[in-house]
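# Descriptive structure summary
Read off the chains here:
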Amino acid sequence: MIKVIHYRSKCIGCGICVELQPDLWRMSRKDGKASLLHAEEKKGIYQRTTRAAAGLSLQVASACPTKVIKVLGV
């Protein structure tokens, strides 16, 4: 299990997360930013525990140009 953390307020909406891991991410039609699917929000920070491929999630975090995605528990 890993925990994916998304600091959404700093997202620029480049879409690399959706492109690399569409089972965890979607682009919002409302504001053009990425959304972590099925995440819990607390003070503007979104978190989700998942069994998704840890390596792929790390690749997504690394590819994010603003570094607003973190992966814990790897």
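Let me sum up the structure you'll find in this document. (Residues numbered from 1 in each chain as written. Predicted model: local features only at pLDDT ≥ 70, side-chain atom pairs only at ≥ 80, totals over all residues. Heavy atoms only, no water.)

### A look at the overall build of the chain
Worth spelling out the cut-off: Here a helix means four or more residues in a row that DSSP labels H or I, a strand means two or more in a row labelled E, and each is numbered from the N terminus. Only C-alpha atoms enter the radius of gyration, while the globule expectation follows 2.2 Å times N to the 0.38, with N the number of residues. Burial here depends on accessible area, computed with a 1.4 Å probe over protein chains only, as a share of the maximum for the residue type. Under 20% is buried, over 50% is exposed, and the range in between is partly exposed. Should any heavy atoms of two residues lie within 4.5 Å, those residues are counted as being in contact. Working definition of accessibility: Shrake-Rupley area with a 1.4 Å probe, residue cover restricted to the visible protein chains. Note on charges: Lys and Arg go in the positive column, Asp and Glu in the negative column, and His and the chain ends are not counted at all. Note that the charge is assigned to NZ on lysines, CZ on arginines, CG on aspartates and CD on glutamates.
Looking only at helices and strands, the chain has two helices and six strands in total. Secondary structure of the chain in N-to-C order comes out as β-α-β-β-β-β-α-β. Computed over its C-alpha atoms, the radius of gyration of the chain comes to 11 Å, within 12% of the 11 Å expected for a compact globule of 74 residues. Judged by the C-alpha coordinates and their principal axes, the chain covers about 30 × 25 × 20 Å. Expressed as a percentage of its 74 residues, the buried residues of the chain come to 32%. Expressed as a percentage of contacts within the chain between residues at least 6 apart in sequence, the contacts between residues at least 24 apart total 61%. Accessible surface, the chain as shown: approximately 4,700 Å² in total, 52% of it carbon and sulfur. Side chains of the chain give 13 positive and 5 negative charges; the mean places of these two sets differ by 4 Å.

### Structural notes on the nonpolar core
Just so we agree on the cut-off: Remark: nonpolar core denotes a set of buried residues (Ala, Val, Leu, Ile, Met, Phe, Trp, Tyr, Cys) joined through side-chain atoms within 4.5 Å.
Of all hydrophobic cores here, the largest spans 15 residues; its most connected members are Val4, Cys17, Leu24, Trp25 and Ile69. At the level of elements, strand S1 (2-6), strand S3 (34-36), helix H2 (54-63) and strand S6 (69-72) are the ones that each hand at least two residues to this core. Those residues in contact with Trp25 that lie beyond four places of it in its chain are Val4, His6, Cys17, Val18, Ala34, Ser35, Leu36, Leu37, Val60 and Ile69.

### Comments concerning the environment of Lys10
Looking at the secondary structure, you find Lys10 in the loop between S1 and helix H1 (16-20). The sequence separation of Lys10 and Lys67 amounts to 57 residues, and the corresponding C-alpha distance is 8.9 Å. Here Lys10 is in contact with Thr66 and Val68, once residues within four sequence places are set aside.

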